Amino acid sequence: MSPRAPPRRGVILWLKKAVLRLFSAILLTIVSPVLAIVIFFAPTLFLVYGERRHLELFFPRWWPRWLPPGFFVTSYLSGDGRWGVAVGSRWTRDELQQDPRRAARAARFIGRIAQCAKGAALAGQLPNFVLRGEEKLRGKRSIPRPFVPGDLGTLFAMRMAARAGASYLKRAPQNLTIAIPGGAGRIGGRLVELLGQEFHQVIALDPRYEETQVQGNINRTSNNADVARADLILALTPKGRDLEGLLDFVVQGQLLLDDTHPDIPPTLRRGFQEKGVELVKPSVTRKGFRWLPMPLPGWRSNAIPGCLLEAFVVASHGREVIESFEAFSRVAEENGFKPVLFSHPDV
């Protein structure tokens, strides 16, 4: 007895998938070398990640999972005649967190290609992922060249954002109380100390604090209810959804600066709005900067993440500039970087 022929619909579906995979393989073979050349000559780079809904803007659902990931995402003009590219794989934030070796391998892979880059940045939590991945792969926590740690650029951007928030409220920082959710983090801990020198009071909110600690005008606590005492909230938590625990305690008239990535979900933003809290996204910019052909999801076309700012400064002034935060800040201001606050796209 001859074997039974497969249903016609199944054969057609199999043929469609086969043709799609063949087309994708051919496309990747043609496009990848071109993108590698672009990355090779780029003077600055920005390694990024995102949620699945963001990545699908660049990697369609039909892109076969077994093919090597693409890397080119978008490009930018830095405002001083330089240009660069933002690159990334289709790994999501959660996938990189689950296996940080992926982040370390991606950083090293891009670093080997980017022979002309004088400065490169790691977006959001990528520095943490890369450090953990390097430790697992090589037993040593380090950021591979040409990438910069990004700490100073982010600190500079967030200190400028806090000052801009005070100006937005038309009050002097020394008369304001600022709350920093995520205040026990790698960046948050240092930012708390910096802002303690300028603001009347600083409330560092973080569940990692086992007990409340008061040191001068700085209050470190895990008690979300303390956010009610703040005039200004600067959110540095890993995810915007982490701020959900503050919703019951915020009060009308507060200004929330959202520097979370991924940022606060639309439903949670509306909840804050209903409580009378105004939400904006903080960033920095400078004359002439533009994302081309489109900005990263959730960003304005002239907004520069703090970590990328650090790469710009290093590319133009060398790595010596990141040996001191004050020296870095002075150079960044001299180069025309200034704060900018903008609304969420759907707020």
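Each remark here, short or long, concerns the structure printed above.
An account of the accompanying structure is given in this report. (Residues numbered from 1 in each chain as written. Predicted model: local features only at pLDDT ≥ 70, side-chain atom pairs only at ≥ 80, totals over all residues. Heavy atoms only, no water.)

## Description of the packing of aromatic side chains
Line of reasoning, step 1. Using the criterion set out here, one finds 6 aromatic pairs in the structure.
Line of reasoning, step 2. Between Phe-46 and Trp-291, the ring centres sit 6.4 Å apart and the planes meet at 35 degrees, which makes this aromatic pair tilted. Placement of Phe-46 in strand 1 (residues 44-47) and of Trp-291 in strand 12 (residues 289-292) is noted, with a sequence separation of 245 residues between them. Of the two residues, Phe-46 and Trp-291, both sit in the buried class. (Phe/Tyr/Trp six-rings, centres within 6.5 Å; stacked < 30°, edge-to-face > 60°. Helix = DSSP H or I, 4+ residues; strand = E, 2+ residues; numbered from the N terminus. Buried < 20%, exposed > 50% of the residue type's maximum accessible area, 1.4 Å probe, protein only.)

## Notes on helix 6 (residues 151-168)
Line of reasoning, step 1. Between its first and last C-alpha, helix 6 extends 25 Å over 18 residues, near the 26 Å set by a 1.5 Å rise per residue.
Line of reasoning, step 2. For helix 6, the buried fraction is high: 15 of the 18 residues fall into the buried class.
Line of reasoning, step 3. Of the residues one or two after helix 6, Lys-170 is the one with positive phi, at around 60 degrees. (Expected span 1.5 Å × (residues − 1).)

## Description of the packing of helix 9 (residues 306-317) against helix 10 (residues 325-334)
Line of reasoning, step 1. Packing of helix 9 against helix 10 leaves a shortest axis separation of 11 Å and a crossing angle of 85 degrees. Between helix 9 and helix 10, the angle falls in the class roughly perpendicular. In contact with Leu-309, Glu-310, Val-313 and His-317 of helix 9, helix 10 contributes Phe-328, Val-331 and Ala-332.
Line of reasoning, step 2. Across the contact of helix 9 with helix 10, the residue classes tally to 5 nonpolar, 1 polar and 1 charged. (Axes fitted to C-alpha atoms, helices over the stretch in contact; angles between N-to-C directions. Parallel < 35°, antiparallel > 145°, perpendicular 65-115°, else oblique. Contact = heavy atoms within 4.5 Å. Nonpolar A, V, L, I, M, F, W, Y, C, P; charged D, E, K, R; others polar.)

## Observations regarding the pattern of salt bridges
Line of reasoning, step 1. Going through the model one piece at a time under the given rule, you end up with 14 salt bridges.
Line of reasoning, step 2. A salt bridge links Glu-134 to Arg-108, with the shortest nitrogen-to-oxygen separation between them at 2.8 Å. In this pair, Glu-134 sits in helix 5 (residues 126-138) while Arg-108 sits in helix 4 (residues 101-113), placing the two residues 26 residues apart along the sequence.
Line of reasoning, step 3. Residue Arg-108 is classed as partly exposed on the basis of its relative accessible area, which comes to 25%.
Line of reasoning, step 4. Between Arg-208 and Asp-206 there is a salt bridge, with the nearest N and O atoms lying 2.9 Å from each other. (Salt bridge = Lys/Arg side-chain N within 4 Å of Asp/Glu carboxyl O.)

## Regarding unusual backbone geometry
Line of reasoning, step 1. Backbone torsion omega between Arg-145 and Pro-146 reads 5 degrees, so that peptide bond is classified as cis.
Line of reasoning, step 2. Looking at where Pro-146 falls in the secondary structure, it is placed in the loop between helix 5 and helix 6.
Line of reasoning, step 3. Of note, the phi angle at Lys-170 is positive, near 60 degrees, even though the residue is not glycine.
Line of reasoning, step 4. Here Lys-170 falls in the exposed class, since its relative accessible area comes to 76%.

## Observations regarding helix 8 (residues 266-274)
Line of reasoning, step 1. Those residues of helix 8 not exposed but buried are Leu-268, Arg-269, Gly-271 and Phe-272. On an axial view of helix 8, the arc spanned by its buried residues comes to 155 degrees, and they lie on one face. Residues of helix 8 that are exposed and angled more than 90 degrees away from the buried face: Thr-267 and Glu-274.
Line of reasoning, step 2. For helix 8, the elements touching its buried residues are strand 10 (255-258) and strand 11 (278-285).
Line of reasoning, step 3. Gly-276 occupies a position one or two residues after helix 8 and carries a positive phi of about 90 degrees. (Arc of directions from axis to C-beta.)

## As for the nonpolar core
Line of reasoning, step 1. Of all hydrophobic cores here, the largest spans 76 residues; its most connected members are Leu-45, Phe-46, Ile-178, Leu-195, Leu-308 and Leu-309.
Line of reasoning, step 2. By residue number, the principal contributor to this core is helix 6, which donates 9 residues.
Line of reasoning, step 3. When sequence neighbours within four positions are dropped, the list of residues in contact with Phe-46 reads Tyr-76, Val-85, Ala-86, Val-87, Ala-121, Leu-122, Ala-123, Trp-291, Leu-296, Pro-305, Cys-307 and Leu-308. (Core = buried A, V, L, I, M, F, W, Y, C linked by side-chain atoms within 4.5 Å.)

## A word on the environment of Leu-256
Line of reasoning, step 1. Residue position: Leu-256 is located in strand 10.
Line of reasoning, step 2. Given the relative accessible area of 2%, Leu-256 is considered buried.
Line of reasoning, step 3. Excluding residues that lie within four positions of it along the chain, Leu-256 makes contacts with Ile-233, Ala-235, Ile-264, Phe-272, Val-277, Glu-278, Leu-279 and Val-280.

## Focus on the side chain of Arg-159
Line of reasoning, step 1. By secondary structure assignment, the location of Arg-159 is in helix 6.
Line of reasoning, step 2. Overall, Arg-159 belongs to the buried group, its relative accessible area being 8%.

## Description of a nonpolar patch on the surface
Line of reasoning, step 1. Taken together, the side chains of Ile-37, Phe-40, Phe-41, Leu-77, Trp-83 and Leu-292 define a hydrophobic patch exposed on the protein surface, amounting to about 540 Å² of accessible area.
Line of reasoning, step 2. Residue contributions to the nonpolar patch peak at 3 residues, all from helix 1 (residues 8-41).
Line of reasoning, step 3. Relative to the helices and strands, Ile-37 resides in helix 1. (Patch = residues over 30% accessible without salt bridge, like charges linked within 9 Å, V, L, I, M, F, W, Y side chains within 5 Å. Areas by Shrake-Rupley, 256 points an atom, 1.4 Å probe, with all protein chains shown as cover.)

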